[in-house]
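Here's the letter readout for the chains.
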Amino acid sequence: MIINPGEISLEESLKICHESIKKARAEGFMPITVTVVDVAGVIRATLAEDGSGLTRADVAYAKAWSCIAAGFSTSTLRDIIEEQPRLDKAINGMQIMANGKLIPTPGGLIIQKDGKNIGAVGISGDRSDEDEICAIAGIEDAGFTYSHSATK
């Protein structure tokens, strides 16, 4: 078996999922779905709360996937697009190439351990800013750091 040195384990992924959900409950947010992927974009864990919507798992995965594909958090992707509206056509093209998985809205963050990228988390269920709050809490409470850029 080939193991990527930047891979996040199942246990670590589940911890992030549980801690993210714990934060959502503490804040009274809508039910969320959390997906953690490794540095290759492979799903390591997905948890959906009771009452989470039908497409939430797809959106959570797309947010995590977007971080790995672009090398930025989904909120950073949103900011780049808002600052440069001329990129609309490029984003549409990238959406097509990504089979709809490119989601430039908060809720997706890069997960780092000891300064190394080990994966990404995507959350969907409440407003995007609340999704990101849960992602930050999940990552930090699991003992990792989050980043908005894969290079920092």
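A brief structural summary.

So, how was this worked out
Residues numbered from 1 in each chain as written. Predicted model: local features only at pLDDT ≥ 70, side-chain atom pairs only at ≥ 80, totals over all residues. Heavy atoms only, no water. Helix = DSSP H or I, 4+ residues; strand = E, 2+ residues; numbered from the N terminus. Rg over C-alpha atoms; globule rule 2.2 N^0.38 Å. Buried < 20%, exposed > 50% of the residue type's maximum accessible area, 1.4 Å probe, protein only. Contact = heavy atoms within 4.5 Å. Areas by Shrake-Rupley, 256 points an atom, 1.4 Å probe, with all protein chains shown as cover. Lys, Arg positive; Asp, Glu negative; His and termini not counted. Charge placed at Lys NZ, Arg CZ, Asp CG, Glu CD. Core = buried A, V, L, I, M, F, W, Y, C linked by side-chain atoms within 4.5 Å. 1 Å grid on protein atoms, 1.4 Å probe; cavity = no way out; pocket = protein on both sides within 12 Å on 5 of 7 lines; lining within 4 Å. Points joined across faces, edges and corners; volume = space filled by probe spheres on them. Nonpolar A, V, L, I, M, F, W, Y, C, P; charged D, E, K, R; others polar. Pairing = 2+ DSSP bridges. Axes fitted to C-alpha atoms, helices over the stretch in contact; angles between N-to-C directions.

All right, on to the overall build of the protein chain then. A tally of helices and strands in the protein chain yields 5 helices and 5 strands. By the compact-globule yardstick of 15 Å for 152 residues, the protein chain fits well, its C-alpha radius of gyration being 14 Å. With the principal axes as the frame, the protein chain shows a C-alpha extent of 40 × 40 × 25 Å. Out of the 152 residues belonging to the protein chain, those deemed buried represent 43%. Taking as baseline every contact in the protein chain between residues at least 6 positions apart, the subset at least 24 positions apart corresponds to 68%. Carbon and sulfur atoms make up 55% of the accessible area of the protein chain, which totals about 7,800 Å². Side chains of the protein chain carry 15 positive and 21 negative charges; the gap between the two charge centres is 3 Å.

Ranked by size, the top nonpolar core spans 20 residues in total, and within it Ile16, Ile111 and Val121 carry the most contacts. Elements represented by at least two residues in this core include exactly α1 (10–27), β1 (33–38), β3 (108–113), β4 (116–124) and α5 (128–141). A per-element tally of this core places α1 first, with 4 residues. Not counting the four nearest positions on each side in its chain, isoleucine 111 is found in contact with Ile8, Ile16, Val36, Lys116, Asn117, Ile118, Gly119, Ala120, Val121, Ile139, Phe144 and Thr145.

What follows deals with the layout of surface pockets. When its volume is computed, the largest pocket comes out at roughly 180 Å³. If you go around the largest pocket, the residues you meet are Trp65, Ala69, Ala70, Leu77, Ile80, Ile81, Leu87, Ala90, Ile91, Met94, Ala98 and Leu102. Here the lining of the largest pocket is composed, by residue class, of 12 nonpolar, no polar and no charged.

This brings us to the side chain of serine 66. Note that serine 66 resides in helix α2 (residues 56–70). Judged by relative accessible area, which is 0%, serine 66 ranks as buried. When near neighbours in sequence (up to four residues on either side) are disregarded, serine 66 contacts Gly71, Phe72, Thr74, Leu77, Lys101, Leu102 and Ile103.

Consecutive side chains of a regular strand alternate in pointing toward one face of the sheet and then the other. Of all 6 residues that make up β3, 5 are buried, and the element is covered over most of its length. Sheet analysis places β3 next to β4, joined by 6 bridges and oriented antiparallel. Opposite glutamine 112, over in β4, you have asparagine 117 as the bridge partner. Hairpin remark: β3 followed by β4, antiparallel, with 2 residues in the connecting loop; positive phi at aspartate 114, about 55°. Both β3 and strand β5 (residues 145–147) contribute to a ladder of 3 bridges, which runs antiparallel. Paired with glutamine 112 across the two strands is threonine 145, which belongs to β5.

This next bit is on the sheet that holds strand β2 (residues 43–48). Pairing within the open sheet is antiparallel, and its 5 strands lie in the order β2-β1-β4-β3-β5. The outermost strands of the open sheet, each flanked by one partner alone, are β2 and β5. Sheet twist, expressed as the average angle between the axes of neighbouring strands with direction ignored, equals 25°. α2 contacts β1, β2, β3 and β4 of the sheet and is inclined by roughly 150° relative to β4.

Phi is positive for aspartate 114, close to 55°, though the residue is something other than glycine. Checked against the element boundaries, aspartate 114 lands in the loop between β3 and β4. Judged by relative accessible area, aspartate 114 falls into the exposed class, the value being 77%.

So far we have only geometry, and geometry alone does not tell us how the molecule works.
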